[in-house]
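Per-entry structural report
Here is how the chains run, residue by residue.
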Amino acid sequence: MAASPPVCDFGWKAPAFQLPDTDGKPWTPASLQGPSGVLLMFICNHCPYVMSVIDRLCRDVAEVQQLGFGAAAIMSNDTLAYPDDSYENMRRLARQHGFTFPYLFDATQDVARAYGAACTPDFFGFNRGLELQYRGRLDSSGRNPATPATRRELVEAMRLIAATGEGPREQVASIGCSIKWRV
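Quick look at the structure, then.

What counts and what doesn't
Residues numbered from 1 in each chain as written. Predicted model: local features only at pLDDT ≥ 70, side-chain atom pairs only at ≥ 80, totals over all residues. Heavy atoms only, no water. Helix = DSSP H or I, 4+ residues; strand = E, 2+ residues; numbered from the N terminus. Buried < 20%, exposed > 50% of the residue type's maximum accessible area, 1.4 Å probe, protein only. Contact = heavy atoms within 4.5 Å. Phe/Tyr/Trp six-rings, centres within 6.5 Å; stacked < 30°, edge-to-face > 60°. Lys NZ or Arg CZ within 6 Å of the ring centre and 35° of its normal. Pairing = 2+ DSSP bridges. Right-handed = clockwise from strand over helix to strand, strands pointing away. Axes fitted to C-alpha atoms, helices over the stretch in contact; angles between N-to-C directions.

Here's the deal with the environment of Pro29
Examined against the element boundaries, Pro29 turns out to sit in helix 1 (residues 29–32). By relative accessible area, Pro29 is classed as buried at 6%. Taking C-alpha positions, Pro29 is 9.9 Å from Phe126, a pair spaced 97 residues apart along the chain. Among all residues touching Pro29, those that are not within four sequence positions of it are Pro15, Ala16, Phe17, Tyr115 and Leu130.

See the structure below:
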């Protein structure tokens, strides 16, 4: 089922966490943060929305990292009900697509709950003060193939945040598969 997150709550502080990446290394928002801030993305291995944008996501995150942002993807789905999202499959996906950012495993789903993650993909762009400034979509093409007219909204927003510390006031929410919560 498709889900959409709420609009950006400007200035909301990034909740603390510590999660392992696909190599077992622990990460926190502070250890991820670059001089401009941090981009956190809730994704998973099986969602057709994520799979349709994964190459553009990797390209755009690499560009965002060049702006001085740290970045990480977080997988919070119930892996018992959705084995395609297993830790081993997270490793495989990260290697297959050459992730330039850590892919973190939220086994308890506590981080997804603390952030109010609603769907995959769900983007959280924080400034250097770890204040939320972007909660929009990757780009204007959605799940469709990008065209030359596609607006790269995440990159545009992160450029603005790097320059001013503030995100765009007009943002279009992401859409994707709902987080697969444990029952």
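Anyway, onward from the coordinates.
Regarding the packing of aromatic side chains
Taken as a whole, this structure holds 11 aromatic pairs when the rule is applied. Among the aromatic residues, those joined into a cluster by ring pairs are Trp12, Phe17, Phe42, Tyr115, Phe124 and Phe126. Here the guanidinium or amino end of Arg143 rests over the ring plane of Tyr49, the centre of that ring lying 4.5 Å away.

Observations concerning the pairing of strand 4 (residues 37–42)
Counting buried positions along strand 4 gives six out of six residues, so the element sits mostly inside the fold. Burial of strand 4 is two-sided: the residues Gly37, Leu39 and Met41 facing one way and the residues Val38, Leu40 and Phe42 facing the other way are all buried. Pairing between strand 4 and strand 5 (residues 69–75): six bridges, direction parallel. Across the sheet, Phe42 pairs through a bridge with Ile74, a residue of strand 5. Handedness of the strand 4-helix 2 (residues 48–66)-strand 5 crossover: right-handed. Where strand 4 lies against strand 8 (residues 122–126), five bridges are found, and the strand directions are antiparallel. Counted as the bridge partner of Phe42 is Asp122 from strand 8.

Quick notes on the sheet that holds strand 8
As summarised here, the arrangement of the five strands in space is 6-5-4-8-9, forming an open sheet in which the pairing is mixed. What marks the edges here is a single partner per strand, and that holds for strand 6 (103–105) and strand 9 (132–134). When strand polarity is set aside, the average angle formed by the axes of neighbouring strands in this sheet is 30 degrees. Its contacts with the sheet place helix 3 (residues 87–96) against strand 5 and strand 6, and it is angled at close to 175 degrees to strand 6. Contacts from helix 5 (residues 153–164) reach strand 4, strand 5, strand 8 and strand 9, with the element oriented near 135 degrees to strand 9.

Shape is all these values report; function is a separate question.
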